[in-house]
Structures are given as C-alpha cells and as structure tokens.
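# Per-entry structural report
Residue strings, one per chain:
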Amino acid sequence: MIRFLHVVVCFGLISTAANADVQHYDLLLGQRQVGTLSFDTDRMDLVTHLDNTPLGVADGRFTAQSSPARSAEGTAVTHYLSQSIKRQISFVLDETKVLTTSIIPPKEATPLSQPQAVPAGVIPLTEGFARLTTTGTCPAPFSAYDGRRVVHVATRAQFADGADILCEMDYRVTDGPGHLSPFRFSTLDMALRYRNGALAQVTVGAGGFELQMVRK
C-alpha cells in the first residue's frame, strides 16, 4: 500500500505554466485526510508526507526531484533522484534514452532498472507530474519512468461540467511490474478536473482504493 499511495500521488494536481511556485494539496483516502503534497514547479521538486493512513501502514515521506546536469563528456542530461524509507532511486537520461540507473538497496531493482531495457522517449516521473500541472487542460500522451517501471498516461475522453473540464484518463504500466505488491495493478482508474485553467482535483483508484488530491 505504501508504494501505491506514494506513486499515485505523483500524477496530479495544479499549477500554471506562467507562475512557477510551490503548490500545496491535501491527500484524501475516501473521506479521510491521510497527508499532504507539495510541488515546486520551478525546481521540479515533489514532496509527499503521509501521516494518517489506516493503522499507519503507509505513513512516511517521499521526495523526488529532476534537474538538468552534464555528463562526463559534457552532454546535457537530466538527473532524477527519489527517496523514501524503503528505497533510493536515481537515474540519468538524455533526450532519447536512459543512460544509467541506481537502486538502493539493489534487491528493490526490477528488470526495468537496467537502462537497456527502458524504451526510448520516456520522461522522469516528476516531469510527467508537471505535464499534468501545467497544461491547463487534458494533457497530451506521455510515458514516464520511475527507475522500476514505465507508465503511459493519455486522455481517453474529455467532458465539460459547467466551467470545469473533466478528463477521463488511461493510466497503464506498459513495462515492468504493476503497482502494490502482491496485486501488481497494471492499470489505474484516473480522472482529472481542471478549473480556470488549472488542475483542481485528481482521483485515482484501483482494487477498492480511491485516492483524491485536492488543491488547498
């Protein structure tokens, strides 16, 4: 459950492309607030803090950040780093492919932790999150990598609800293990609500879990 919660909160919330700053959100499991999330749209810095999950089984802190860097050869690359109580993941990628991946402890690695196994064209998890927060409407398709799996996110349908825009999303793990061992969910139910050009709410569900992310 802990990995499921930390992963699904990494795909939704709100910002505007023109006003990069730190955004704050409440995380709700059903009617219960289980934690908070903040995202710095300029630094690509995401932090979730879960402190009220049932029986405390998913409580903990998760951080992820991606930033521009240079390889030893001077090539422009992107460096991604995420940390939780369970694992630390870092990888480096250029515009087309993953170059290196490191998982600590090594037992947490998956077949997709081998750079040669990762399909070309992926973006870091943090940049996938930013795609949702900066479009102002239903996002274009993208594939995001977290060091252990690749997920594809695409808009399946778009609706109007008064002044709001509702997006029914297709979220699926295309490479690597599914979410939440031992269930290994490979697809999640996902819906986005945009209001006044910003993403106001995300609902993500699977296997009886429903997590909502609501802008403060």
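In this text the structure is predicted, and so the values were computed from the model without any measurement. (Residues numbered from 1 in each chain as written. Predicted model: local features only at pLDDT ≥ 70, side-chain atom pairs only at ≥ 80, totals over all residues. Heavy atoms only, no water.)

With that out of the way, let us pick up the environment of arginine 87. Along the chain, the position of arginine 87 falls in the loop between strand S5 (76-83) and strand S6 (88-93). Put simply, arginine 87 and proline 106 are 19 residues apart on the chain and 9.0 Å apart in space, counted from C-alpha to C-alpha. Side-chain polar atoms of arginine 87 contact the side chain of glutamate 108, separated by 2.5 Å. (Helix = DSSP H or I, 4+ residues; strand = E, 2+ residues; numbered from the N terminus. Polar contact = N/O pair within 3.5 Å; in protein donor to acceptor, adjacent residues only side chain to side chain.)

Bringing helix H2 (residues 125-134) into the picture now. Judged by how many residues are buried, H2 sits mostly within the fold: 7 of 10 residues are covered. Every buried residue belonging to H2 is among Leu125, Thr126, Gly128, Phe129, Ala130, Leu132 and Thr133, and all of these are buried. Two residues or fewer after H2 comes glycine 136, characterised by a positive phi angle close to 80°. (Buried < 20%, exposed > 50% of the residue type's maximum accessible area, 1.4 Å probe, protein only.)

This structure, assessed with the given rule, holds 1 disulfide. Disulfide pairing is shown between cysteine 138 and cysteine 167; the S-S distance is 1.9 Å. Classification of the bridge connecting cysteine 138 and cysteine 167 rests on its S-S torsion, roughly -90°, and on that basis the disulfide is left-handed. With a gap of 29 residues between them, cysteine 138 in the loop between H2 and strand S9 (142-145) and cysteine 167 in strand S11 (residues 164-175) connect regions that are remote in the sequence. In terms of burial, cysteine 138 and cysteine 167 fall into one category: buried. (Disulfide = S-S within 2.5 Å.)

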